[in-house]
Amino acid sequence: MSNQSHAGVGLSNPQLSHGRRKMLDLVNKLHSTGVQVDIDLPQIAVIGSQSAGKSSLIESISGITLPRAAGTCTRCPTECRLSRNNSSWQCIVSLRFITDSNGQPLGQARNERFGPIIYDKSEVEERIRRAQRAILNPTRSAKFFLESDDEDAQLESQLSFSLNSVTLQISGPDVADLSFCDLPGLIASVSGSRGGGNDIALVESLVTTYIKKPSCIILLTVACETDFENQGAHRLAKQYDPEGKRTIGVLTKPDRIPLGEESNWLPFIKNEKEPLENNWFCVKQPSSSDLKANITWSQARQMENDFFSSKAPWCELESIYQKYLRTSNLVERLSSVLSDLIGKRLPQIQDELERSIIATRTLLDQLPRAPSSDSRSEISTLLHHFTSDLLSHVQGVPDDAESTFGSGIGLIQAIRPAQERFKKAIRDTAPKFKPFKQNDAGKKHLSRPGFLRSEEGDEEESVTSESETDDDAPFSGGQTMRKRKEPGDDNIYVDEVLDRAHRARTRELPGHYPFVVQKSFIDYVIKQWQAPALVLCKTVHSTIMEHVKALVKKHFGEFGQGILEQRVRSILQQHLKHCLERAEERVNWLIQVEDIPFSLNTHYLANYRSKFLVHFRAAREKYERADIIKAIKEYTSSPSVVTTTTTSSTSRKGVESTYTSQPTGVAKVLAGLAEMGMSGVTAHDLPKLLPPDPMEPALTIMADVRAYFQVAYKRFADNVPLAIDFELVRGVERDVLMGLYASLGVNGVNGQRICEELAQESVQVADKRADLKKKLERLEGASGELLTVGLAG
């Protein structure tokens, strides 16, 4: 068809209202940003079965000639983006790839310019033909099809259909502002010499991706030369637009209706059959012979007008239906529907753009930060920030500053419970001395000393003794202790202590016992301290490791591909291992120095010895001299006791005696002592006048051991956590920065290369960032266009 005298063709009709033109301009600008891949923009999609006259209809709207030859059809989408401007007419042909050569989807559509800008309309048809061949041969260079001679360009295609598309950007003074797409015709069967069995589904899926969008106007072409029921395009349109609100039907090839069947198509024009909100139209495009005659666009439109004005039954239709005949009326309705849709969609598009921009920026912010151009400096900064943060945690931070670790527990706070458990475990190794004979086990009880409750809390003293219970169990000095206790009884009874003391005597004077007895008990207790101390080491090490892992994740988790995080974690694990080894060496050393009982804390040692001796004696007196103790207690608490001063021939002047009206019991004893001249003796002093306890040597030994335990365990319970804190807790930060630099090698001769490798971003993250940036650029460009033009039109 000749390109002469094409003024007024398509939507470039100058009679279109200014408001409508402005809306079309705006949508075209939005399409120019590429945002249609993100936002549902109004557009027209031309669908129909093969040979339904779609290409001819597109030519009428666009003013260009599409490839036309016997037996050929569109085998890939042809997207047309029309833009009106005052410059000379031009056309840019591009290839848009959304799948690779294997048919796999690309993360981002790829647009490739196909040849130089076309300024002569007569060159468009051939360029489009070659572009379609390039699309259908994805493994060959597009340049081959652009530059090869026509015979080579007609080689058999690798694909029968493709999801990739040819894109036309047409602009000029008489060009419409519109975007539409000519889609491959729906097919019912596949030729045996061409195509694959999935071509039918492929084409239908391709058409669906366009028409399922709510803002897509479906231009449904139906050829009158074929039965309506046999054309599947209508079924697909009805599936996605069941109410026919955005579908415009077009009957093509009315000149090929079999004789006598013309009336079968009139109900469509009258909207009585398969009614659509915007009605059915009928158009007549030039025939093959007309095209060979190289008629102009004006001649084609005149021939169409003559056809509908003279051919029955079209010329016989009432005047109200005449507006549904001819291409010009279709274009006018198409323009009206599109502009109305644009008017409704623009406010929604603005909201969608704003939401999409926010969502895209959020996704970008969630990505790891992009690698710096100066990777060495960035890694150095990361290492310094990490070690500074590590130091602050080693020194201690409040709980509420520990959100990094989820639980909200700081490093020092996390260690403290383990230290308390260690202290209690050491305290629980105190020997459970009982100032009673073993035969009285279960009958006589020893209460916890009040002075210990004031020091260590009110909880019951849950001490456990690990004294040897086996027959002839060894103890210091080569002596043995016979088994006299029931299984599970870890108490040490006074007769056992005395028996051990007797067996330990060598050349001592009578009543004297060697220190080896006390040391045997002390040694056994000290041996029990190693296990809790090493458990504390392991527990603190594990706690520090978890916090260090969290800190490493915090500072390096989003850097590069995670290689730096893994290497820093590995270096710190080795560093912590050495810290643990040094801490365990310290603990074992502290155990060894406790091998010989020693203390310069003589005041506390003597004080504890005195208190424990009194405590043990009081417990024995409570049971061994119960009657006397009871009498003394009743005497001191009786309100009838009076104190007078008597003077007689048998009492010294001024001597006080305590008695009742007729002295008995305790009062009588005190009165007698006073008569004997032992003034100042009180009821509480009476137990001292009794014969010595035969178990007194054992009680003394027990008090010695118990007093030394109190001094030694407190010393040990402080020294071990201090050693662990110095070597393990504070040790994890000591020289760590220097160690990281040395192990990573970032400051060495290959430092720049190492830093670049560590900073290298994963392909997946890089691709996602690039896609999001491109999307954000499209969205912001479209938003800028809306803000510039304004929604008011």
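Each value, and the rule that gives it
- Residues numbered from 1 in each chain as written.
- Predicted model: local features only at pLDDT ≥ 70, side-chain atom pairs only at ≥ 80, totals over all residues.
- Heavy atoms only, no water.
- Helix = DSSP H or I, 4+ residues; strand = E, 2+ residues; numbered from the N terminus.
- Buried < 20%, exposed > 50% of the residue type's maximum accessible area, 1.4 Å probe, protein only.
- Contact = heavy atoms within 4.5 Å.
- Polar contact = N/O pair within 3.5 Å; in protein donor to acceptor, adjacent residues only side chain to side chain.
- Core = buried A, V, L, I, M, F, W, Y, C linked by side-chain atoms within 4.5 Å.
- UniProt positions renumbered as here; feature names shortened; annotations may be inferred.
- Pairing = 2+ DSSP bridges.
- Salt bridge = Lys/Arg side-chain N within 4 Å of Asp/Glu carboxyl O.
- Axes fitted to C-alpha atoms, helices over the stretch in contact; angles between N-to-C directions.
- Left-handed = near helix turned anticlockwise from the far one by under 90°.
- Nonpolar A, V, L, I, M, F, W, Y, C, P; charged D, E, K, R; others polar.

## Concerning the overall build of the chain
Thought 1: Looking only at helices and strands, the chain has 26 helices and 15 strands in total.
Thought 2: Considering the chain as a whole, with its 793 residues, one finds that 47% of them fall into the buried category.
Thought 3: Of all intrachain contacts in the chain linking residues separated by at least 6 positions in sequence, the fraction that spans at least 24 positions is 76%.

## What to know about the environment of threonine 247
Thought 1: With respect to the helices and strands, threonine 247 occurs in strand E8 (residues 247-252).
Thought 2: Between the C-alpha atoms of threonine 247 and cysteine 216, which are 31 residues apart in sequence, the distance is 8.8 Å.
Thought 3: Polar contacts involving the side chain of threonine 247 include one to the side chain of aspartate 241, which spans 2.7 Å.

## A few points about helix H16 (residues 494-504)
Thought 1: Counting buried positions over the eleven residues of H16 gives nine, a clear majority of the element.
Thought 2: For H16, the full list of buried residues reads Val494, Asp495, Glu496, Val497, Leu498, Asp499, Arg500, Ala501 and Ala504.

## Let's talk about unusual backbone geometry
Thought 1: A cis geometry characterises the amide bond from alanine 312 onward to proline 313, with omega recorded as 5°.
Thought 2: Within the secondary structure layout, proline 313 lies in the loop between helix H10 (297-310) and helix H11 (319-322).
Thought 3: A positive phi angle is found at asparagine 279, which is not glycine, with a value near 70°.
Thought 4: On the secondary structure map, asparagine 279 appears in the loop between helix H8 (266-269) and strand E9 (280-282).
Thought 5: Using a relative accessible area of 7% as the deciding quantity, one classes asparagine 279 as buried.

## Remarks on the nonpolar core
Thought 1: Core analysis: the largest hydrophobic core is formed by 98 residues, its most contacted members being Leu219 and Trp314.
Thought 2: At twelve residues, the largest contribution of residues to this core is made by helix H12 (residues 327-366).
Thought 3: Apart from the residues lying within four places of it in its own chain, the contact partners of leucine 219 are Ile44, Ala45, Val46, Ile47, Leu57, Ile61, Ile248, Val250, Leu330 and Leu334.
Thought 4: If you look at the next biggest cluster of nonpolar residues, it comprises 86 residues, including Leu390, Phe422, Ile571 and Ala723.

## As for the UniProt feature "coiled-coil region" (unreviewed entry) in the chain
Thought 1: Cross-referencing UniProt, the feature "coiled-coil region" (unreviewed entry) maps to residues 755-782 in the present numbering.
Thought 2: Across residues 755-782, helical content stands at 89% and strand content at 0%; the span's end C-alpha atoms are separated by 39 Å.

## Some details on the pairing of strand E5 (residues 165-172)
Thought 1: With seven of eight residues buried, E5 is to be regarded as a mostly interior element.
Thought 2: By the bridge criterion, seven bridges tie strand E2 (residues 78-84) to E5 in an arrangement that is parallel. Among the inter-strand pairings, arginine 84 is bridged to a residue of E5, identified as glycine 172.
Thought 3: With seven bridges joining them, strand E3 (residues 90-99) and E5 adopt antiparallel strand pairing. In the sheet register, serine 94 faces E5, and the bridge partner there is threonine 167.

## Considerations on the pattern of salt bridges
Thought 1: One pass over the full model with this rule turns up 35 salt bridges.
Thought 2: The salt bridge partner of glutamate 727 is arginine 582, with a shortest N-O separation of 3.3 Å. Here the residue glutamate 727 occupies a position in helix H23 (residues 696-729), and arginine 582 occupies one in helix H19 (residues 563-593), the gap between them amounting to 145 residues.
Thought 3: With a relative accessible area of 6%, glutamate 727 lands in the buried category.
Thought 4: On the basis of relative accessibility, which here comes to 33%, the residue arginine 582 falls in the partly exposed class.
Thought 5: Each of Glu125, Glu126, Arg129 and Arg130 takes part in one network of salt bridges that share partners.

## Quick word on the packing of helix H13 (residues 375-395) against helix H18 (residues 530-556)
Thought 1: In contact at an axis separation of 10 Å, H13 and H18 are set at 145° when each is read in the N-to-C sense. Here the hand of the crossing between H13 and H18 comes out right-handed. Contacts from Leu382, Leu383, His385, Phe386, Asp389, Leu390 and His393 of H13 reach H18 at Val548, Leu551, Val552, Lys554, His555 and Phe556.
Thought 2: Its residues assigned to classes, the contact of H13 with H18 comprises eight nonpolar, three polar and two charged.

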